[in-house]
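Each chain, written out:
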Amino acid sequence: MTPQFGQGTWNMGEDPARRSEEVHALQLGMDLGMTMIDTAEMYADGGAEEVVGEAIADRRSQVYLVSKVYPHNATRRGVVQACERSLKRLKTDYLNLYLLHWRGNVPLAETLEGFERLKRDGKIRDYGVSNFDTADMEEALALKGAVMANQVLYNLKRRGIEWDLLPWCRERGIPVMAYSPLESDRKEQQRFLAEPVLQQLAQQHSATPAQIALAWLAHQEGVVAIPKAMRPEHIRANRAALDIRLTAADLAALDKSFPPPRRATPLDML
Ligand code: NAP
């Protein structure tokens with residue numbers, strides 16, 4: 001897979017006063033080549049989808065559009081209705097990828113049937129899941145679900161998926177979308193980006209610690225990170241992080257400070 005980043009939209013669409021800033025942020029990211037946009041019916045109760053709809057209005061065909069259905073809407077009929085509502089807010093007639101946001105109480109077989117119907121009707125091109133651990137993925141596969149991606153929490157501090165889920169997905173050619181690649185929570189992010197190894201590598205590469213964290217994700221085969229950024233300098237920095245080439249010594253230094261897992265752990269999620 002060609003390394004690439006998408007753009008997240010969590011927390012967008014909450015304040016009408018910021019709408020135009022948000023639309024411009026997504027458009028700048030697309031101009032720079034980050035044409036995959038990740039949203040969800042959950043974000044700002046549909047508000048984020050409306051922002052995305054405005055941002056992509058004159059360039060739908062260039063965008064790889066991903067949205068997600070709430071687990072409680074993911075019944076056979078509910079998933080179709082939820083998708084139709086999302087399409088309306090996004091002002092488009094299809095999604096490239098539609099994900100089950102996390103596992104809820106609706107039997108997975110029902111959700112998959114709904115997804116298949118949406119695919120037959122041309123309302124979605126593909127479907128996938130989010131926050132699914134290996135056992136959930138096995139179950140989806142056993143139901144003959146054509147799951148095209150799994151979106152999970154993955155960054156240098158949260159490497160648990162490298163034990164089993166990530167190799168499992170790689171073996172089957174299922175891309176992993178890494179959410180919260182910089183740590184969502186502001187305080188957690190500050191602590192993370194202050195780590196000496198990130199500071200030191202940033203200096204060596206004339207980059208920022210955040211760019212090093214993103215460059216590391218870009219080095220992971222079969223992984224697409226979806227950073228969310230509003231500030232133009234962040235958006236430009238995120239795109240530029242794709243051009244940073246970490247050396248074997250850099251990667252070893254990162255492994256030392258952020259060790260890969262030594263045993264199976266339950267999937268981390270927000
Ligand atoms: P994130 O992208 O890791 O972090 C976002 C924060 O990092 C924002 O405050 C942003 O600031 C800042 N930032 C972005 N680029 C930066 C840079 N180069 N340098 C310094 N700071 C930078 O966290 P996230 O929003 O939680 O995750 C990304 C996306 O993943 C979400 O937006 C959403 O689409 C998806 N997601 C999915 C799930 C799920 O359950 N499937 C869960 C969480 C997130 P500014 O905005 O001010 O620029």
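Structure first, text after, so check above.
All of the points below concern the structure found in this document. Computed from a predicted structure; not experimentally measured. (Residues numbered from 1 in each chain as written. Predicted model: local features only at pLDDT ≥ 70, side-chain atom pairs only at ≥ 80, totals over all residues. Heavy atoms only, no water.)

Structural notes on the sheet that holds strand β6 (residues 176–179)
Here is step 1: Here we have 7 strands laid out as an open sheet, ordered β1-β2-β3-β4-β5-β6-β7, and parallel in their pairing. What marks the edges here is a single partner per strand, and that holds for β1 (36–38) and β7 (223–225). On average, each strand axis in the sheet is inclined to that of its neighbour by 25°, with strand direction left out of account.
Here is step 2: This element, helix α4 (residues 108–120), spans β2 (64–69), β3 (95–100) and β4 (124–130) of the sheet and lies at about 160° to β4. (Pairing = 2+ DSSP bridges. Helix = DSSP H or I, 4+ residues; strand = E, 2+ residues; numbered from the N terminus. Axes fitted to C-alpha atoms, helices over the stretch in contact; angles between N-to-C directions. Contact = heavy atoms within 4.5 Å.)

Section: the site of the ligand
Here is step 1: Taken together, 27 residues are adjacent to the ligand, and D38, L182, S184, H234 and N238 come closest.
Here is step 2: Q151 is positioned with one of its side-chain polar atoms (N or O) 2.9 Å from a nitrogen atom of the ligand.
Here is step 3: Note that an oxygen atom of the ligand is positioned 2.9 Å from one of the side-chain N or O atoms of Q189.
Here is step 4: Within the complex, 89% of the 900 Å² of free accessible area of the ligand lies under protein.
Here is step 5: Here the ligand is seated within the largest pocket.
Here is step 6: The element that contributes the greatest number of residues to the shell around the ligand is helix α10 (residues 232–241), accounting for 3 residues.
Here is step 7: Residues of the shell around the ligand, tallied by class, amount to 11 nonpolar, 11 polar and 5 charged. (Near = heavy atom within 4 Å. Polar contact = N/O pair within 3.5 Å; in protein donor to acceptor, adjacent residues only side chain to side chain. Areas by Shrake-Rupley, 256 points an atom, 1.4 Å probe, with all protein chains shown as cover. 1 Å grid on protein atoms, 1.4 Å probe; cavity = no way out; pocket = protein on both sides within 12 Å on 5 of 7 lines; lining within 4 Å. Sits in = over half its atoms within 2 Å of the grid points. Nonpolar A, V, L, I, M, F, W, Y, C, P; charged D, E, K, R; others polar.)

Quick word on the nonpolar core
Here is step 1: Ranked by internal contacts, the top residues of the largest apolar core, which has 79 residues, are Y98, F115, M137, L198 and L254.
Here is step 2: Ranked by the residues each element gives to this core, the list is headed by helix α9 (residues 209–218), at 8 residues.
Here is step 3: Apart from the residues lying within four places of it in its own chain, the contact partners of F115 are V69, V79, Y98, L99, L100, I124, Y127 and G128.
Here is step 4: L97, A149, Y179 and V224 belong to the second largest nonpolar core, which has 10 residues in total. (Core = buried A, V, L, I, M, F, W, Y, C linked by side-chain atoms within 4.5 Å. Buried < 20%, exposed > 50% of the residue type's maximum accessible area, 1.4 Å probe, protein only.)

Focus: empty space enclosed by the protein
Here is step 1: This model, assessed by the stated rule, comprises 2 cavities of 30 Å³ or more.
Here is step 2: Considered as a void within the structure, the largest cavity measures approximately 40 Å³ in volume.
Here is step 3: Lining the largest cavity are G6, Q7, G8, M34, P227, K228, A229, I235 and N238.
Here is step 4: For the second largest cavity, the full set of lining residues is P71, A74, L100, R103, G104, V106, L108 and T111.
Here is step 5: Taken together, the residues of the lining of the second largest cavity sort by class into 5 nonpolar, 2 polar and 1 charged. (Points joined across faces, edges and corners; volume = space filled by probe spheres on them.)

A short note on the side chain of N73
Here is step 1: Within the secondary structure, N73 is located in the loop between β2 and α3 (78–90).
Here is step 2: On the basis of relative accessibility, which here comes to 17%, the residue N73 falls in the buried class.
Here is step 3: Contact partners of N73, with chain neighbours within four places excluded, come to E41, G78, V79, A82 and R85.

Focus: the pattern of salt bridges
Here is step 1: Applying the stated criterion across every chain yields a total of 22 salt bridges.
Here is step 2: In this structure, E50 engages R19 in a salt bridge whose closest nitrogen and oxygen atoms are separated by 3.8 Å. Placement of E50 in helix α2 (residues 47–56) and of R19 in helix α1 (residues 19–31) is noted, with a sequence separation of 31 residues between them.
Here is step 3: Overall, the relative accessible area of 33% leaves E50 in the partly exposed class.
Here is step 4: Residue classification places R19 among the partly exposed residues on the basis of a relative accessible area of 27%.
Here is step 5: Between K157 and E188 there is a salt bridge, with the nearest N and O atoms lying 2.8 Å from each other. (Salt bridge = Lys/Arg side-chain N within 4 Å of Asp/Glu carboxyl O.)

Topic: the side chain of E162
Here is step 1: Structurally, the position occupied by E162 is in the loop between β5 (147–153) and α6 (165–171).
Here is step 2: A polar contact is formed between the side chain of E162 and the side chain of Y154, at a distance of 2.7 Å.
Here is step 3: In terms of polar contacts, E162 uses its side chain to reach the side chain of R159, at 2.8 Å.
Here is step 4: Aside from chain neighbours lying at most four places away, what touches E162 is Y154, P167, W216, P260 and P261.

As for unusual backbone geometry
Here is step 1: Despite not being glycine, K91 has its phi angle at roughly 55°, a positive value.
Here is step 2: Here K91 shows up in the loop between α3 and β3.
Here is step 3: Take K91: its relative accessible area is 68%, and that puts it in the exposed class.

What about the environment of Y127?
Here is step 1: Position of Y127 among the secondary structure elements: in strand β4.
Here is step 2: Distance in space between the C-alpha atoms of Y127 and R159 is 25 Å, their sequence separation being 32 residues.
Here is step 3: Within the structure, Y127 has its side chain in polar contact with the side chain of E116 (distance 2.6 Å).

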